[in-house]
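# An overview of the molecular structure
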Amino acid sequence: MENYHKSNILAILVGFLPLIYEISSNIWNGDNGFFIISAAYGLILLLLALSIDLEDLDQWFAEKALSYMSVFLALILILNKLDILPLAEIGALYQLAIIAYMGILYFLDRHFNTKNIVLLLINLNVLANLSLKGATLLILIISVLAFVFYLIRIAITFSEQLRPVLLCVYLIVLLISLVWYVPELPDFILKNLSRNIAAVLLLLEVIGAILYLKVRRRLSINSHLLVGIIIFGLVNEISLIVAESNVINTSYLVLIFILALCIVNVFGNIELDRKQRKISVLIPAHNSANTIVEALESIKNQTYRKWEIILINDASTDETEEIVKRYLENNKLTLEYVRQKEHNYFKAIRHGLKYANGEIIFVLDADKILFNQNVFYRAVSTLFGEKCDGMFVGIRAMYQRLKDGKFHLIRPYYRNEASLVKTALGFGTNIYANYAFWRREVFETSVYENYLINGMPAWYNAKRNLGLRVVNGNFVGLRYRIFKKENLIGESFSANDSKRLLKLSTELRTLHHIVSRIKIPAYSTQTAVYSAINKLHIASLCPIIFKCGQTSLKEVTPLIAEDIRNLKLDNLYLKTIIDFGSNFSPQKSEKITIPKGTKIYYGTEIEEFDRRLATGTLDQFYYYLMKIIGCGTTIYEIRRADKEKLERILEFFTIKDYVKIISK
């Protein structure tokens with residue numbers, strides 16, 4: 001988490017560059033002043049960048065830094081219009097604006113949302129106000145490249161799916177660039193010594209970034225990396241010519257090095273070797289006789305062939321097994337068939353994982369089918385195209401007789417604290433989805449613990465209180481059967497109380513983990529504001545206020561209690577959690593003894609717990625413990641040998657991060 005906060009600070013400092021340039025040039029007139037300030041600031045950026053874990057110099061860092069830069073570029077123009085800060089370094093500002101424009105065009109493809117559209121408009125406005133000879137030509141080149149490469153991905157390589165709205169945005173940007181273009185090429189005779197030196201240094205920095213990452217960890221050179229580096233280097237070399245600077249801008253060179261590190265880190269395939277491409281498809285099937293064949297057929301028809309299926313019969317009581325056997329008699333599939341006696345969706349996935357041999361894990365529910373024959377190919381292209389832990393896929397509702405219904409792309413995912421805060425403002429509801437292709441090592445660790453054991457969102461890492469490195473696939477991967485009105489995100493449950501209890505308990509666990517380490521002032525007010533803005537589908541522009549600390553449960557619990565009352569779900573387990581928040585006291589302590597043989601429940605086993613609670617077969621220890629928890633007890637004394645058990649139990653009751661365990 002410390003490195004993550006360092007990367008946040010670095011992103012903000014990068015964003016300040018336009019302001020630093022203008023202030024230094026206006027306060028200390030002349031090239032010497034600008035050179036000294038730029039060199040000093042560049043040294044600060046470089047030292048901070050080299051002190052950060054390479055893992056945190058990723059695509060989200062780059063987007064964050066360029067977003068800050070875009071805002072400060074716009075601020076410079078506003079101050080200039082108000083005659084507060086005259087433009088003194090137009091060439092330097094132009095170079096930063098070109099980088100920001102190029103970056104936002106790319107991130108608009110990765111994260112198509114209102115925020116990035118606004119940033120694109122800001123950058124176009126900035127560039128329109130920085131009149132330099134030949135500047136419009138470079139803007140046109142970037143716009144053409146963005147448009148052409150998008151067309152290549154959707155029409156030639158088929159690695160992306162056509163998104164008409166994004167295509168229209170790229171087309172509009174291209175038309176604007178054509179209107180701006182004036183056929184005046186800059187003087188290409190390289191007479192300026194500082195510009196020549198900067199051009200050579202820029203090229204050496206890009207090579208240096210590759211070598212730096214090569215030395216620090218294994219790096220696989222690939223076409224994505226080569227194309228990205230060539231375009232990035234070419235655009236910035238041309239911007240040096242257009243800007244015609246008389247001073248070597250050290251901080252700009254440091255910025256190029258940092259962004260080159262990000263590009264190499266993201267596109268260098270560091271985590272997964274090119275030969276490791278098998279997809280293990282886990283299919284938990286419970287009473288899926290009517291749907292399992294279509295699910296298997298959708299896998300069989302994939303153009304990408306390196307996959308295996310692990311089908312887990314999750315205590316089915318219908319003809320699922322017989323239908324699967326008949327299907328396999330007539331179709332040759334790489335399929336491992338396993339059974340489990342007790343029905344539990346999460347347990348079935350955990351059981352099936354033992355038989356998986358692939359380096360990529362994908363869970364396909366038996367009532368869903370892959371959208372088309374290119375899903376696996378697009379998934380592998382994305383996972384090998386940039387470094388990430390996993391990749392979300394979009395889903396489309398599918399009514400009876402396989403008729404397409406509502407289309408749903410997962411909202412743009414951001415690996416930052418703002419995503420956690422927005423999750424908390426939604427009372428712990430998963431704002432993304434659990435449908436994703438995962439790298440095996442991540443699935444077996446973080447996803448296993450947080451999702452398969454505790455039921456929280458698969459993208460969430462509770463230990464770090466931060467999201468995993470998941471990217472948006474930006475294509476439809478699944479068709480989802482709809483027989484009644486249901487939630488398309490995949491979190492829908494029937495009216496059965498135990499199903500609703502599972503949903504509520506996992507949301508409470510997620511909420512409590514987040515707010516135990518993030519202070520959200522005026523929680524109820526921010527919740528209402530976020531809910532209203534989210535309904536307008538502009539959540540990316542929602543202003544949120546938070547800081548390091550802990551949000552009081554006495555501010556959060558009343559809202560949760562009201563929500564549960566509206567659902568009319570009367571349950572002792574939920575009442576215990578609500579009472580804990582209402583009676584929370586840092587001074588209350590209790591000595592706990594866990595009787596030998598007491599069953600320890602995981603968060604995803606709440607249905608079994610609730611069933612035993614309803615039938616009176618629950619261990620008596622839990623009745624005693626629920627009374628203690630309901631009193632708001634926060635200090636628990638226990639034998640050292642039972643500490644881990646108590647931690648699991650308190651995690652089950654969603655309060656682990658709000659209590660202290662003393663072991664002796």
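Coordinates for the structure precede this section.
For the structure given in this document, a descriptive report is provided here. (Residues numbered from 1 in each chain as written. Predicted model: local features only at pLDDT ≥ 70, side-chain atom pairs only at ≥ 80, totals over all residues. Heavy atoms only, no water.)

### Side note on the overall build of the protein chain
Looking only at helices and strands, the protein chain has 24 helices and 16 strands in total. Per-residue burial over the protein chain gives 57% buried out of 664 residues. The contacts of the protein chain with a sequence gap of at least 6 include a subset with a gap of at least 24, amounting to 82%. Carbon and sulfur atoms make up 59% of the accessible area of the protein chain, which amounts to about 28400 Å² in all. (Helix = DSSP H or I, 4+ residues; strand = E, 2+ residues; numbered from the N terminus. Buried < 20%, exposed > 50% of the residue type's maximum accessible area, 1.4 Å probe, protein only. Contact = heavy atoms within 4.5 Å. Areas by Shrake-Rupley, 256 points an atom, 1.4 Å probe, with all protein chains shown as cover.)

### Comments concerning unusual backbone geometry
Positive phi is not limited to glycine here, since Ala 315 has a value of about 55 degrees. With respect to the helices and strands, the residue Ala 315 is situated in the loop between strand 2 (307-314) and helix 13 (320-330). In this structure Ala 315 comes out as buried when scored by relative accessible area, which is 17%. Residues other than glycine seldom take positive phi values, yet Phe 427 does so here, at roughly 60 degrees.

### Some points on the environment of Leu 574
With respect to the secondary-structure elements, Leu 574 resides in helix 21 (residues 572-583). For Leu 574, a relative accessible area of 1% translates into the label buried. Leu 574 sits 79 residues away from Phe 653 along the chain, and the two C-alpha atoms are 8.7 Å apart. Residue contacts for Leu 574: discarding those within four places in its chain leaves Leu 501, Leu 504, Leu 508, Ile 564 and Leu 569.

### Re the nonpolar core
Of all hydrophobic cores here, the largest spans 130 residues; its most connected members are Phe 376, Phe 437, Phe 609 and Phe 653. Leave out the neighbours within four places in its chain, and Phe 437 touches Ile 279, Ile 360, Ile 361, Phe 362, Val 375, Phe 376, Ala 379, Leu 383, Asp 389, Gly 390, Met 391 and Val 393. In this structure, Ile 76, Leu 77, Met 102 and Leu 120 belong to the second largest nonpolar core, which totals 87 residues. (Core = buried A, V, L, I, M, F, W, Y, C linked by side-chain atoms within 4.5 Å.)

### Side note on the packing of aromatic side chains
Under the criterion given, the structure shown has 30 aromatic pairs. Ring centres of Phe 392 and Tyr 432 lie 5.9 Å apart, and the angle between their planes is 15 degrees; this geometry places the pair in the stacked category. Here Phe 392, found in strand 6 (residues 390-399), pairs with Tyr 432, found in the loop between helix 16 (417-425) and strand 8 (436-439); they are 40 residues apart in sequence, far enough to count as distant. Look at Tyr 432 and you get buried, because its relative accessible area is 3%. On the numbers, 5.3 Å between centres and 35 degrees between planes, the contact of Tyr 573 with Phe 653 is tilted. With a gap of 80 residues between them, Tyr 573 in helix 21 and Phe 653 in the loop between helix 24 (643-652) and strand 16 (660-663) connect regions that are remote in the sequence. Judged by its relative accessible area of 1%, Tyr 573 is buried. Classification of Phe 653 by relative accessible area gives buried; the value is 0%. Site record: aromatic cluster; members linked through ring pairs are Tyr 573, Tyr 601, Phe 609, Phe 621, Tyr 622, Phe 652 and Phe 653. (Phe/Tyr/Trp six-rings, centres within 6.5 Å; stacked < 30°, edge-to-face > 60°.)

### Re the side chain of Arg 509
Of note, Arg 509 is situated in helix 18 (residues 497-515). Polar side-chain contacts of Arg 509 include one of 2.7 Å to the backbone oxygen of Asn 454. In this structure Arg 509 touches Asn 454, Met 456, Tyr 573, Gly 603, Glu 651, Phe 652 and Thr 654, once residues within four positions along its chain are discounted. (Polar contact = N/O pair within 3.5 Å; in protein donor to acceptor, adjacent residues only side chain to side chain.)

### Some thoughts on the environment of Leu 175
If you trace the backbone, Leu 175 turns up in helix 8 (residues 164-180). Sequence-wise, Leu 175 and Val 144 are 31 residues apart; in three dimensions their C-alpha atoms are separated by 9.6 Å.

### Notes on the sheet that holds strand 15 (residues 635-638)
What the 3 strands build is an open sheet, ordered 14-15-16; its pairing is parallel. Only two strands of the sheet have a single partner each, and these edge strands are strand 14 (589-591) and strand 16. Adjacent strand axes in the sheet meet at a mean angle of 20 degrees, parallel and antiparallel pairs treated alike. Running over the sheet, helix 24 touches strand 15 and strand 16 and is turned about 165 degrees from strand 16. (Pairing = 2+ DSSP bridges. Axes fitted to C-alpha atoms, helices over the stretch in contact; angles between N-to-C directions.)

### So, the pairing of strand 4 (residues 360-363)
Working note: regular strand, side chains alternate between the two faces of the sheet. Neither face of strand 4 is exposed, since Ile 360 and Phe 362 on one face and Ile 361 and Val 363 on the opposite face are all buried. In this structure, strand 1 (residues 279-285) lies alongside strand 4, joined through 4 bridges in parallel fashion. Along strand 4, the bridge assignment pairs Ile 279 with Ile 360. One ladder, built from 3 bridges, connects strand 4 with strand 8; its direction is antiparallel. Within the sheet, the bridge partner assigned to Ile 361 lies in strand 8 and is Trp 438.

### Here's the deal with a nonpolar patch on the surface
A surface patch of nonpolar side chains, amounting to about 560 Å² of accessible area, comprises Ile 23, Ile 27, Trp 28, Phe 35, Ile 36 and Ile 37. If you list the elements that add at least two residues to the nonpolar patch, you get helix 2 (17-27) and helix 3 (31-50). Element by element, the count of residues in the nonpolar patch is highest for helix 3, at 3 residues. Residue position: Ile 27 is located in helix 2. (Patch = residues over 30% accessible without salt bridge, like charges linked within 9 Å, V, L, I, M, F, W, Y side chains within 5 Å. Salt bridge = Lys/Arg side-chain N within 4 Å of Asp/Glu carboxyl O.)

### Description of the environment of Cys 542
Along the chain, the position of Cys 542 falls in the loop between helix 19 (523-535) and strand 13 (547-548). Residue Cys 542 is classed as buried on the basis of its relative accessible area of 7%. The spacing of Cys 542 and Ala 532 is 10 residues in sequence and 9.6 Å in space, taken between C-alpha atoms. When residues no more than four places from it in sequence are discounted, the contact partners of Cys 542 are Lys 422, Tyr 530 and Ile 533.

### What about the pairing of strand 3 (residues 335-340)?
As judged from the 6 bridges shared by strand 2 and strand 3, these two strands associate in the parallel manner. Bridging from a neighbouring strand, Ile 312 pairs with Val 338 of strand 3. Crossover handedness for the path strand 2 to helix 13 to strand 3: right-handed. (Right-handed = clockwise from strand over helix to strand, strands pointing away.)

### A short note on the packing of helix 2 against helix 4 (residues 59-81)
Remark: helix 2 packs on helix 4, axes separated minimally by 7 Å, with the N-to-C direction vectors making an angle of 35 degrees. Between helix 2 and helix 4, the contacting residues are Pro 18, Leu 19 and Glu 22 on the first element and Met 69, Phe 72, Leu 73, Ile 76 and Leu 79 on the second. Of the residues in the contact of helix 2 with helix 4, the class split is 7 nonpolar, no polar and 1 charged. (Nonpolar A, V, L, I, M, F, W, Y, C, P; charged D, E, K, R; others polar.)

### Overview of the pattern of salt bridges
A complete count under the given rule lists 25 salt bridges for this structure. The salt bridge partner of Asp 365 is Lys 368, with a shortest N-O separation of 2.8 Å. A relative accessible area of 11% places Asp 365 in the buried class. According to the relative accessible area criterion, Lys 368 is buried, its value standing at 3%. Asp 367 is the salt-bridge partner of Lys 368, the closest N and O atoms lying 3.2 Å from each other. The class of Asp 367 is partly exposed, set by a relative accessible area of 31%. Each of Asp 56, Asp 58, Arg 415 and Arg 469 takes part in salt bridges that share partners, so that together they form one network.

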